[in-house]
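# Coordinate analysis (summary)
These are the residues of each chain, in order.
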Amino acid sequence: MLALFYIFIGVAIGVSVWQITRIMDFRGSIANDSDNDAQGKYAMGFLAFMYAMMIYCLIFMNVIMLPESASIEGEHDDTLFDITFWLIGVVQFIMQFLIFYFTFKYRGNKDKKAKFYADSHKLEFIWTVTPAIVLVGLVGYGLWQWNNVMDLSEADNPVVIEVYSQQFNWKARYAGADNTLGTGNVNFIKGMNTMGVDMSDPNSVDDKQVTELYLPKGRKVHFRFRSQDVLHSAYMPHFRAQMNCVPGMVTQFGFTPKYTTQEMRDLPEVIEKSIGINKIRRAKGEEPYIFNYLLLCNKICGASHYNMQMKITVVEEDEFDEWLSEQPTLSEVIK
Amino acid sequence: MSEHHHKETFVTKYIFSQDHKMISKQFLVTGMFMGIIAVLMSMLFRLQLAWPETSFSVVEAFLGSHQTDGIMDPDIYLALVTIHGTIMVFFVLTAGLSGTFSNLLIPLQIGARDMASGFLNMISYWLFFLSSIVMLISLFVEAGPASAGWTVYPPLSALPQAIPGSGTGMTLWLVSMAIFIASSLIGALNYIVTVLNLRTKGMKMTRLPLTIWAFFVTAIIGVVSFPVLLSASLLLIFDRSFGTSFYLSDIFISGEVLHYQGGSPVLFEHLFWFLGHPEVYIVLLPALGITSEIISTNSRKPIFGYRAMIGSILAIAFLSTIVWGHHMFISGMNPFLGSVFTFTTLLIAIPSAVKAFNYVTTLWKGNLQLNPAMLFSIGLVSTFVTGGLTGLVLGDSALDINIHDTYFVVAHFHLVMGVSAIFGMYAGIYHWFPKMYGRMMNKTLGYWHFWITIICAYGVFWPMHFIGLAGLPRRYYTNTNFPMFDDLADINVVITLFALVGGVAQIFFIANFFISMYRGEKATQNPWKSNTLEWTTPVEHVHGNWPGKLPEVHRWAYDYSKRVDADDDDSDYLHGKDFVLQTTPLLDGEDPS
């Protein structure tokens, strides 16, 4: 690959130098009829290149995409995305065709006369109103979905989890038996109390601190995010979930996991993506990849930003309860 | 001042010049120099993204102590993306683009002898020059330049404990930006005053070329929004150096609790994006104005929907100041605000769509003269459409949740404002080079430059959408720590190859620019057969632009291919040629359009 790269650079520089030395021969500066003719045809060639690239990416890059939403709330995101993407895709293909086809079709020459066409209220009305109507639809659906995702008030008996970020790791705290998180502040950080939990708050006593997230399938999870140093962003792409972690305030997000980790591994698109990844990993002699949900940092936070992750495991509810009961409470850990 | 020449020394002519044409060239060359640096930086970090484990001697040569055995350190990677963004957005596409063409074209196209204040204009350039120098000096600070991203969100940008670049590097960044903003404001005020007061006789606002409308509205947006960034930067300087807590609160870092209480980083985000979003239009509108002019001239057709174009510029300008929150959907601000910003953001698609459709209609049934400037303008329309459409995805808060800060965003804004604005700038340079230097640029090199550049631009940014949709966050030094992204490695290599070839291809332009300056074909007075006033001035620059009286304007700027009989396309051209200068009086009974 590297050899290819050096060859590429070499050729590019070679062509540049060769062309530049020829500047002496070409003194022309204004396009004449034969330039117009040639450039118009190149425009069609470019259009072909562009269509080929667009179609290639649309078809063959499907496999690298994120699989379908693993949260119930994210389903509408996927639908809205599909609608929007088809829409802009069609407009893109048409507009690019018009731009480059017109460049070709109307390439100038001495005998041609351009049409004097300065205005048409009818046309302008059409292309003001049409996008407006389409946008009303998109905005309407989008806003409905936004409220749907961001509204955490109606969840009934959610799992309450605090996700806690610092340079460069994630921790989490489960609300415990009372399902209420104790308050926290950086002033309480000391020794084992790495999340700065106020242990004098009675709600804190049964909280449980972990370094890996377990979520129950089919139950609403209510996340509360905190950061102790700089901005981080808790990005859980498979669940279509993201929220910034802001020092000095608590932010929130919520979703309901739809598939357990195992069910996700069995989805055909995940299997296909894993096969692709493992082909590459085998060639490099690395361990095979097995799908896991991840929480990634998605707000620049410092040198190791690129490696700030936490594993998420989604299990059936009884398994989740069992796992949670095995975790020690904060009052047991912080003496 | 026009009637007699001041005695000029080398210093007053080439350095501390108050002539708008010279200042314009100074902005251009400084902007190009900064642009070369920013492009080289992007090539360095593209190498890292494509081959994270490979050692490059070129990295050693450029990065010195910021690399280990030819592999760059994560800190300097972040510094490179930060400075690349800063330089490109502010120094190249704001000062380099607006500074060059507003200065060159405002007096020439409205029929003025010079800017309202030549002295302030000179100050504006020299402040820009000073801020460029400070920014360049920050590259050589021991701990590295600012590295918190071009958005410099605190607390990362406020705390040297958080990242080494937030030490002296960040201080210099803030100082440089403060000077830059002063330069930009002085320039913008000058442009506004000049357009309002110094239009020649007959040059009504509704007869202005769209370039001038774009520069004028851009300057207004700048005056409205840049001061907010200055305040934001000042407060950040206070937080960093004087212990205030505007943006900081409850921080525990390096084993200790800091004293900051009660501030909020979200405040900074609001202030930053109150400039940051209008900034996109500060960058883009001049490019669109240039394109309007060039597409019309080279299609030999009037720009379609002149008044709609002005209306859409004004609508974009107004909306641009009330959409900033779409950068902050997931910042933790109230979700209701998110709804409002989604609504206003998607509204901006309407005037943008009107502009795109109007450009395409201008091409329709034209007699296209495919000069390099014209090709770059057509390329701009293409990238503006491609990048603009993905804005519908990102502007929708519900969808933004999942693609915020991924490579999808990187692809979107590079196409819609980066590549588009650069294309506008190139188009402007090819088109007005004869006005600047009295010589023509070589078209063959221009063609090579255009086709390689547009192919590479799409080769870089089209696939990038898809790695964003795969969930890859931006500003990752490498994605090798995530097996789930292993299948993106090949795409990253392809993107880097396109980026390298595209970067190297700019040699065509640079060589063409500098060689043509001295050896290019001599320009004629009106090489593109254009209608606007700048082509009525002599080729050799004179102080005051027109040797005698100022020209008088009788018509709009777009009477191309106008016929004797407006309803008959086969009738003869008015005045026997396919363009009618703005200085030509209307005939009896002629429809003024």
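Source: prediction; values computed, not measured. (Residues numbered from 1 in each chain as written. Chains lettered and ligands numbered in written order. Predicted model: local features only at pLDDT ≥ 70, side-chain atom pairs only at ≥ 80, totals over all residues.)

### A short note on the overall build of chain B
A count of helical and extended segments in chain B gives 16 helices and 4 strands. Dimensions along the principal axes, computed over C-alpha positions, put chain B at roughly 85 × 50 × 50 Å. When the 593 residues of chain B are sorted by exposure, 64% land in the buried category. The long-range share in chain B, meaning contacts at least 24 apart out of those at least 6 apart in sequence, stands at 80%. (Helix = DSSP H or I, 4+ residues; strand = E, 2+ residues; numbered from the N terminus. Buried ≥ 20, exposed ≤ 12 C-beta atoms within 10 Å, placed from the backbone. Contact = placed C-beta atoms within 7 Å.)

### Looking at the overall build of chain A
A count of helical and extended segments in chain A gives 8 helices and 10 strands. Relative to its length of 335 residues, chain A is extended, with a C-alpha radius of gyration of 28 Å against a globular reference of 20 Å. Dimensions of chain A along its principal axes, counting C-alpha atoms only, are 90 × 55 × 40 Å. Per-residue burial for chain A yields a buried fraction of 41% across its 335 residues. In chain A, the share of contacts with a sequence separation of at least 24, taken over all contacts with a separation of at least 6, comes to 69%. (Rg over C-alpha atoms; globule rule 2.2 N^0.38 Å.)

### Some words on the interface of chain A and chain B
With 113 residues of chain A at the interface, the matching set in chain B holds 125 residues. Broken down by secondary-structure element, the contributors of at least two residues to the side of chain A that touches chain B are α1 (2-21), α2 (33-60), α3 (74-105), α4 (121-150), β6 (232-236), β7 (241-245), α6 (268-283) and β9 (293-297) of chain A. The element that contributes the greatest number of residues to the side of chain A that touches chain B is α4 of chain A, accounting for 15 residues.

### Some remarks on helix α14 (residues 407-437) of chain B
All names here are of chain B. Roughly 50 degrees is the biggest bend found in α14, and it falls at H431, with proline P434 one to four residues downstream. Across the 31 residues of α14, 28 count as buried, placing the element largely inside the fold. Two residues or fewer after α14 comes G438, characterised by a positive phi angle close to 70 degrees. (Bend = angle between axes of the 7 residues up to and from the residue.)

### Overview of the packing of helix α2 (residues 20-50) of chain B against helix α16 (residues 489-519) of chain B
Residue and element names in this part refer to chain B. Packing of α2 against α16 brings their axes to within 9 Å, and their N-to-C directions diverge by 160 degrees. By the angle between their axes, α2 is roughly antiparallel relative to α16. In the crossing of α2 with α16, the sense of the turn from one axis to the other is left-handed. Across the interface between the two elements, V39, S42, M43, R46, L47, L49 and A50 from α2 touch N492, V493, T496, A499, L500, G503 and Q506 from α16. Counted by class, the contact of α2 with α16 contains 8 nonpolar, 5 polar and 1 charged residues. (Axes fitted to C-alpha atoms, helices over the stretch in contact; angles between N-to-C directions. Parallel < 35°, antiparallel > 145°, perpendicular 65-115°, else oblique. Left-handed = near helix turned anticlockwise from the far one by under 90°. Nonpolar A, V, L, I, M, F, W, Y, C, P; charged D, E, K, R; others polar.)

### Observations regarding the sheet that holds β7 of chain A
Residues and elements named next belong to chain A. Pairing within the open sheet is mixed, and its 5 strands lie in the order β4-β10-β9-β6-β7. One side of each edge strand has no neighbouring strand; the edge strands of this open sheet are β4 (213-216) and β7. Taken over all neighbouring pairs, the strand axes of this sheet differ in orientation by 25 degrees on average, direction set aside. Across 5 bridges, β6 lies against β7 in antiparallel orientation. By the bridge assignment, A234 is partnered in β7 with M243. (Pairing = 2+ DSSP bridges.)

### Remarks on the pairing of strand β1 (residues 159-166) of chain A
All names here are of chain A. β1 sits mainly inside the fold: 8 of its 8 residues count as buried. Here β1 shows two buried faces, one formed by V159, I161, V163 and S165 and the other by V160, E162, Y164 and Q166. As defined by bridge partners, β1 adjoins strand β5 (residues 221-227) across 7 bridges and the pair is classed as parallel. Counted as the bridge partner of S165 is S227 from β5. As paired elements, β1 and strand β2 (residues 169-174) share 6 bridges and run antiparallel to each other. Paired with V163 across the two strands is A172, which belongs to β2.

### Here we look at the sheet that holds β2 of chain A
Sheets are built from strands that pair by backbone hydrogen bonding, the pairs being arranged parallel or antiparallel. Residues and elements named next belong to chain A. The mixed open sheet is built from 5 strands, whose spatial order is β3-β2-β1-β5-β8. Only two strands of the sheet have a single neighbouring strand rather than two, namely β3 (208-210) and β8 (251-255). On average, each strand axis in the sheet is tilted by 25 degrees relative to the strand beside it, whichever way the strands run.

### Focus on α6 of chain A
With 16 residues, α6 of chain A should reach 22 Å at 1.5 Å per residue; the first-to-last C-alpha distance of 23 Å fits that figure. Of the residues flanking the end of α6 of chain A, it is G285 of chain A, one or two places downstream, whose phi is positive at about 70 degrees. (Expected span 1.5 Å × (residues − 1).)

### So, unusual backbone geometry
Peptide bonds are mostly trans, and most non-glycine residues show a negative phi. Of note, the amide linkage connecting Q167 of chain A to F168 of chain A takes the cis form, showing an omega dihedral of -5 degrees. Its place among the elements puts F168 of chain A in the loop between β1 and β2. Geometrically, the link from P154 of chain B to P155 of chain B is a cis peptide bond, its omega value of 0 degrees lying close to zero. Note that P155 of chain B resides in the loop between α5 (118-138) and α6 (168-197). Non-glycine residue R300 of chain B carries a positive phi angle of around 55 degrees. Within the fold, R300 of chain B resides in the loop between α8 (265-299) and α9 (306-320). Notably, R475 of chain B is not glycine yet its phi reads approximately 60 degrees, a positive angle.

### Details of the packing of helix α4 (residues 74-110) of chain B against α5 of chain B
Residues and elements named next belong to chain B. Contact geometry of α4 with α5 gives a least axis separation of 12 Å together with a crossing angle of 160 degrees. Taken as axis vectors, α4 and α5 run roughly antiparallel relative to one another. Between α4 and α5 lies a crossing of left-handed hand. Seen from α4, the contacting residues are I87, F91, A95, G99 and N103; seen from α5, they are N121, F128, S132 and M135. Looking at the contact of α4 with α5, its residues break down into 5 nonpolar, 4 polar and no charged.

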